[in-house]
Amino acid sequence: MATTASLADLAERELAAFAGELIAPGDAGYDDARKVHNAMIDRRPALIARSASPDDVAAAVGFAARHDALLAVRGGGHNGGGLGIADDAVVIDLGLMRGITVDADARTVRVEGGATWREVDAATHQAGLATPSVFFGKSGVGGLTLGGGIGYLARKHGLTIDNLLEAELVLADGSRARASARENPDLFWAIRGGGGNFGVVTAFTFRLHPVSIVNAGPTFWPIEHAGEVLRAYREFMPAADRDANGFFLFGFVPPAPPFPEALHGRQVCGIVWCHLGSEEEAAQAMAPMLAVGTPLMHGVGAVPFPGIQGAFDGLYPAGLQWYWRADFVRELSDAAVDAHVEWGGKTPTGHSTMHLYPIDGAVADVAQDDTPFSYRDVKWAEVIVGVDPDPANAGVITDWTKAYWDATHQYSAGGAYVNFMMDEGQERVRATYQGNYDRLARIKAAYDPKNTFRVNQNIRPAS
Ligand SMILES: Cc1cc2nc3c(=O)[nH]c(=O)nc-3n(C[C@H](O)[C@H](O)[C@H](O)COP(=O)(O)OP(=O)(O)OC[C@H]3O[C@@H](n4cnc5c(N)ncnc54)[C@H](O)[C@@H]3O)c2cc1C
């Protein structure tokens, strides 16, 4: 294996035809290029290959293999565990590959592997269309899609992977491949939830749906009402029409407009809504929840779809400290509600939060083994995130997140959404894929027998 210093020298000689940028330790821009969204992650790769084309990606894959270097792939750099980057690795950074082509007639969009959802939503919105993606707009398309993709459109139109029509990849041996229902169907199955284990996706093609103006925004209740609100929500959400989506949260009212000044910093529980019907239909759908307790604020109104998806982007800029824990939740028993109320009440900092994302409705129309995403029969993806700008609070947010998870995991369905996990070991990865793990391992052995793509929630090649 070449040393870190020599890898940079070797790259200069061997990657002379590289069209993008090669950034090595000591280069101006190296420290910026190695930053990811989560500032708790501080890793020093040997080489960052900012690829401009699939040929660049193939060249970088071959270079890493020739020199037996660890290979990491960075899409949007948003992964909580920092899986887009690794110490001493060759990092293929897809940030220069962000092309987006909307075909309004065919209702499809082709997106290059380094784009973010904010960019995709803005482009498809111009045609009055959208594909299921996120609750938060900034995340990368690459990592989010390959892990599943949970967003406001999930109850109506399914996960992001349920709307993936085709992917273009560079494989571990440097060759190019397409994956779709017709071409390499085993590979197509594996990438719809199996993460970046099978190759570098240089472009995705998604199905689009007519989604334009939605009725969206938050309702907040005093934290003291949390038990009552959560008990009502657990019945309300799964029974609601598929046009309605609302995730539950614990947190604090952000100290900024458009939130009323009198509520700034107030500890609350809440629901952030996105309803796809008319204003009247939305009001009617939400009415039963608004009759629970005494809401402090109901800020729902008609907004362009990208508006609600980007609503929290400003509150969570890059560079904060993040610690993540997650679970899938099939039901919220009274004991589970009590545990949530206790730990939600102890939320340590203004940015820290717990969300319950609905994944019923259209998500459950797909069978458990139709894609690797195996938890099709649950109601929520739960995520607990300790977040703060100050590195001095890293311990506080980590301890709270772990303690909250320890208290509630016993009420979960077992595994967790891979995109909300940090480095939690093989057992957690297996728990997440359940009966689909062995098939993933066989496909991994066929496409990546040497486990070249292993900076991820790793599927070990079947032996
Ligand atoms: C603020 C915030 C909001 C979020 N909101 C949501 C949400 O609403 N819904 C949701 O489902 N998730 C959400 N997530 C989680 C998100 O899905 C994951 O963080 C995801 O890993 C991000 O993808 P990325 O490309 O930005 O990550 P990266 O850190 O770049 O990569 C993550 C993993 O994917 C692999 N990868 C990325 N791109 C490619 C590619 N093109 N080809 C092959 N492998 C690739 C990487 O190798 C790595 O293993 C959110 C995360 C953050 C930080």
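For the structure, see preceding data.
Reading the values: rules and limits
- Residues numbered from 1 in each chain as written.
- Predicted model: local features only at pLDDT ≥ 70, side-chain atom pairs only at ≥ 80, totals over all residues.
- Heavy atoms only, no water.
- Helix = DSSP H or I, 4+ residues; strand = E, 2+ residues; numbered from the N terminus.
- Buried < 20%, exposed > 50% of the residue type's maximum accessible area, 1.4 Å probe, protein only.
- Contact = heavy atoms within 4.5 Å.
- Areas by Shrake-Rupley, 256 points an atom, 1.4 Å probe, with all protein chains shown as cover.
- Lys, Arg positive; Asp, Glu negative; His and termini not counted.
- Charge placed at Lys NZ, Arg CZ, Asp CG, Glu CD.
- Pairing = 2+ DSSP bridges.
- Axes fitted to C-alpha atoms, helices over the stretch in contact; angles between N-to-C directions.
- Parallel < 35°, antiparallel > 145°, perpendicular 65-115°, else oblique.
- Left-handed = near helix turned anticlockwise from the far one by under 90°.
- Salt bridge = Lys/Arg side-chain N within 4 Å of Asp/Glu carboxyl O.
- Polar contact = N/O pair within 3.5 Å; in protein donor to acceptor, adjacent residues only side chain to side chain.
- Core = buried A, V, L, I, M, F, W, Y, C linked by side-chain atoms within 4.5 Å.

A.B. asks: Got a minute to help me understand the overall build of the protein chain in this structure?
C.D. replies: What the protein chain contains, in helices and strands, is 14 helices and 19 strands. If you line up the protein chain on its principal axes, its C-alpha atoms span 65 × 50 × 40 Å. The buried share among the 463 residues of the protein chain stands at 58%. Within the protein chain, contacts between residues at least 6 apart in sequence are counted, and of these 74% link residues at least 24 apart. For the protein chain, the accessible area works out to roughly 17,300 Å², and carbon and sulfur atoms hold 50% of it. Charged side chains in the protein chain number 38 positive and 55 negative. The centres of these two groups are separated by 4 Å.

A.B. asks: Got a minute to help me understand the sheet that holds strand S9 (residues 176–180) in this structure?
C.D. replies: As a general point, the strands of a sheet are linked pairwise by backbone hydrogen bonds and lie either parallel or antiparallel. Spatially, the five strands line up as an open sheet ordered S5-S6-S10-S8-S9, and their pairing is antiparallel. Of all strands in the sheet, those with a lone pairing partner are strand S5 (100–103) and S9, marking the two edges. Sheet twist, expressed as the average angle between the axes of neighbouring strands with direction ignored, equals 15°. Here six bridges tie strand S8 (residues 164–170) to strand S10 (residues 200–207), and the two strands are oriented antiparallel to one another.

A.B. asks: What is the right way to look at the packing of helix H11 (residues 334–344) against helix H12 (residues 394–408) in this model?
C.D. replies: Helix-helix packing: each pair is described by the crossing angle between the helix axes and the interaxial distance. Taken N-terminus to C-terminus, the directions of H11 and H12 make an angle of 170°; their axes are 9 Å apart at the nearest point. If you check the angle between H11 and H12, you find them roughly antiparallel. Regarding H11 and H12, the two cross each other, and that crossing is right-handed. Contacts between H11 and H12 involve Ala339, His340, Trp343 and Gly344 from the former and Trp400, Ala403, Tyr404, Ala407 and Thr408 from the latter.

A.B. asks: Teacher, can you tell me more about the side chain of Lys138 here?
C.D. replies: Within the fold, Lys138 resides in the loop between strand S7 (129–130) and helix H5 (141–147). Nearest to the buried, unbridged Lys138 among oppositely charged side chains is Asp313, at 5.1 Å. Looking at Lys138, its side chain comes within polar contact range of the main-chain oxygen of Asp313, at 3.5 Å. Polar side-chain contacts of Lys138 include one of 2.4 Å to the backbone oxygen of Tyr316. Setting aside chain neighbours within four positions, we find Lys138 in contact with His37, His78, Thr116, Arg118, Asp313, Tyr316, Pro317 and Ala318.

A.B. asks: Even after reading the chapter, I still don't get the nonpolar core, so can you show me in this structure?
C.D. replies: In a soluble, globular protein the nonpolar side chains are often hidden away together inside. One finds Ile150, Tyr152, Leu187, Ile191, Phe305 and Phe328 to be the most contacted residues of the largest nonpolar core, which totals 82 residues. Sequence-distant contacts of Ile150, that is, excluding residues within four places in its chain, are made with Ser133, Val134, Phe135, Leu159, Tyr357, Pro358, Ile359, Phe373, Ala381 and Tyr417. In this structure, Ala226, Met237, Ile271 and Met354 belong to the second largest nonpolar core, which totals 32 residues.

A.B. asks: Before we go on, may I ask you to explain the pattern of salt bridges in this structure?
C.D. replies: A full pass over the atoms with the stated rule returns 27 salt bridges. Asp55 is the salt-bridge partner of Arg176, the closest N and O atoms lying 3.1 Å from each other. With Arg176 in strand S9 and Asp55 in helix H3 (residues 54–66), this residue pair connects regions lying 121 residues apart in the sequence. Taking relative accessible area as the criterion, Asp55 reaches 53% and is therefore assigned exposed. Residue Glu424 pairs with Arg428 through a salt bridge whose shortest N-O separation is 3.5 Å. Across the pair, exposure class does not vary: Glu424 and Arg428 are buried alike. Three or more residues are tied together by salt bridges with common partners; here these are Glu21, Arg50, Arg74 and Asp93.

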